[in-house]
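# Report on the structure
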2 protein chains.
Amino acid sequence: MYNVNMKAEHLHRLIWMSRPLMQAAEACVEAGLIGTNLSVRMRAVLEILDKYGDQTVPELAARLEIKRQYVQIMCNETLASGFIEQRSNPRHKRSPILALTDRGSAVIEEIISKEMKLVEELGENLSNEDVATALAVVSAVTDSLKKRAGESE
Amino acid sequence: MYNVNMKAEHLHRLIWMSRPLMQAAEACVEAGLIGTNLSVRMRAVLEILDKYGDQTVPELAARLEIKRQYVQIMCNETLASGFIEQRSNPRHKRSPILALTDRGSAVIEEIISKEMKLVEELGENLSNEDVATALAVVSAVTDSLKKRAGESE
DNA sequence: GTCAAAATGACATGTATAATGTCAACATGA
DNA sequence: TCATGTTGACATTATACATGTCATTTTGAC
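Report follows, based on the coordinates.

About the thresholds
- Residues numbered from 1 in each chain as written.
- Chains lettered and ligands numbered in written order.
- Predicted model: local features only at pLDDT ≥ 70, side-chain atom pairs only at ≥ 80, totals over all residues.
- Heavy atoms only, no water.
- Phe/Tyr/Trp six-rings, centres within 6.5 Å; stacked < 30°, edge-to-face > 60°.
- Lys NZ or Arg CZ within 6 Å of the ring centre and 35° of its normal.
- Core = buried A, V, L, I, M, F, W, Y, C linked by side-chain atoms within 4.5 Å.
- Buried < 20%, exposed > 50% of the residue type's maximum accessible area, 1.4 Å probe, protein only.
- Helix = DSSP H or I, 4+ residues; strand = E, 2+ residues; numbered from the N terminus.
- Contact = heavy atoms within 4.5 Å.
- Least-squares fit on C-alpha atoms with pLDDT ≥ 70 in both.
- Patch = residues over 30% accessible without salt bridge, like charges linked within 9 Å, V, L, I, M, F, W, Y side chains within 5 Å.
- Areas by Shrake-Rupley, 256 points an atom, 1.4 Å probe, with all protein chains shown as cover.
- Salt bridge = Lys/Arg side-chain N within 4 Å of Asp/Glu carboxyl O.
- Polar contact = N/O pair within 3.5 Å; in protein donor to acceptor, adjacent residues only side chain to side chain.
- Near = heavy atom within 4 Å.
- Nonpolar A, V, L, I, M, F, W, Y, C, P; charged D, E, K, R; others polar.

This next bit is on the packing of aromatic side chains. Residues and elements named next belong to chain B. Per the stated rule, a full pass over the model turns up zero aromatic pairs over all chains. Positioned over the ring face of tyrosine 52 is arginine 63, at 4.3 Å from the centre of the ring. Above the plane of the ring of phenylalanine 83 lies arginine 103, whose end atom (NZ or CZ) is 4.5 Å from the centre.

This is the structure:
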């Protein structure tokens, strides 16, 4: 039927827009980081710490959905740059809690607010409902795809 | 203002859904390739050839927006597996035209049709208009982001 | 037709992001 | 205390590209 194929085609295009969208978004983030001495992955560490509070490397890894061994590297880098620091962990002596330093806190909050302003500007030509609809559709599609991919492993 | 922030927040979430969406989509493609002796990048070569017809490596590279040197590798792999073959190019003796073999043609068309069926299933719970809206929003956001990132380079 | 410039394939090397594997130190709980 | 789990550190591998260079061949301007 005409409408069915049209819908599938739109959906197909929507799914494969995800890559250009991601690349464009990442390029913007990267551009916003120039002059801060931050890398994209250091920014990711700071963002989680700012959003969810102080935590250990394994906790960060779980939230980022990246293997802890790699997150460890990201965090060591960030530690070396002085944006975060280690605090002793009462719950585990070998796993210090990572916390933002004043400098790290200031840097990440400035970056996030700059990014948020950019997002607001992006939304200027879009209606509230359309954005909400888009988010709902993309979320639903992502969930379905995740379920599919999960089944066959 | 309430609505403004809400919209920005939704938009922010929408933008950063792109990564999970992409990963889920790629995982599905990969899962669908099991048993075909095809890799994801070989599939990409076959798809372009099937969609846009026989062409040379540099033409493929332009369409994939990947550097020709890497596309060359992808194509050589695909050639070695017998899914495509070289035909002499009347326009350029050193640049053979790549064409699907019967086997390659059969394989890619089966895969594409399987994938399309999956997309149609994904769309079952979504309305025509919502999908169209989502595509329009995502396209608009991607374009804006691309423009931003482009400016600062 | 000649000759410089562009296109092409082949190859080598570099980079970013991440997964995987392993080990030893330490912590925890039965 | 002893088995088991957690953590950090380190090494290796994989993927997906980009970049650079070279020789050949083709093309286009004259």
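A word on the nonpolar core. The tendency in soluble globular proteins is for nonpolar side chains to be buried as a group. Val141 and Leu145 of chain A together with Leu11, Val141 and Leu145 of chain B are the most contacted members of the largest nonpolar core, which totals 40 residues. Counting residues per element, the ones that place at least two in this core are α1 (2-16), α2 (18-33), α6 (102-122) and α7 (128-151) of chain A together with α1 (2-16), α2 (18-33), α6 (102-122) and α7 (128-151) of chain B. When sequence neighbours within four positions are dropped, the list of residues in contact with valine 141 of chain B reads Leu21, Leu122 and Leu126 of chain A together with Leu11 and Ile15 of chain B. Formed by 23 residues, the second largest nonpolar core is a distinct cluster that contains Leu38, Met74, Phe83 and Leu98 of chain A.

For the pair chain A and chain B, the superposition axis carries a translation of 0.1 Å, the fit reaches an RMSD of 0.3 Å, and the rotation angle comes to 179 degrees. What the superposition gives is, in effect, a two-fold axis relating one chain to the other. Relative to the rotation axis, the C-alpha of alanine 134 of chain A is the closest in chain A, positioned 2.0 Å from it. Taken as a fraction of all interface residues of chain A, those also at the interface in chain B reach 100%, which identifies the copy contact as same-surface.

What follows covers a nonpolar patch on the surface. Residue and element names in this part refer to chain A. Taken together, the side chains of Ile66, Tyr70 and Ile73 present a nonpolar region at the surface, about 250 Å² in accessible area. Mapping isoleucine 66 onto the fold places it in the loop between α4 (57-64) and α5 (68-80). With relative accessibility at 32%, the residue isoleucine 66 sits in the partly exposed group.

All names here are of chain A. Within the element layout of this structure, serine 18 appears in helix α2. Residue serine 18 is classed as buried on the basis of its relative accessible area of 2%. Here the side chain of serine 18 touches isoleucine 15 through a polar contact of 2.7 Å, landing on its backbone oxygen.

Before going further, it helps to examine the protein's contact with DNA strand D. Near DNA strand D you find 19 residues, and of these Arg68 of chain A together with Lys67, Arg91, Lys93 and Arg94 of chain B are the closest. Take the atoms of DNA strand D that sit within 4 Å of the protein: sugar and phosphate atoms are 66% of them. Contact between DNA strand D and arginine 68 of chain A: a base nitrogen at 2.7 Å from a side-chain N or O atom of the residue. Serine 95 of chain A is positioned with one of its side-chain polar atoms (N or O) 2.9 Å from a sugar or linking oxygen of DNA strand D. Elements supplying a minimum of two residues to the surface near DNA strand D: α4 and α5 of chain A together with α5 (68-80) of chain B. In terms of residue count, α5 of chain A provides more of the surface near DNA strand D than any other element does, four residues in total. Tallied by class, residues from the surface near DNA strand D come to five nonpolar, seven polar and seven charged.

The environment of DNA strand C is made up of 20 residues, and the closest members are Arg91, Lys93 and Arg94 of chain A together with Arg68 and Ser95 of chain B. Sugar plus phosphate: this is where 66% of the atoms of DNA strand C within 4 Å of the protein reside. Here a base nitrogen of DNA strand C sits 2.7 Å away from a polar atom, N or O, in the side chain of arginine 68 of chain B. In the model, a phosphate oxygen of DNA strand C is placed 3.1 Å from a nitrogen or oxygen of the glutamine 72 of chain B side chain. Secondary-structure elements contributing two or more residues to the surface near DNA strand C are α5 of chain A together with α4 (57-64) and α5 of chain B.

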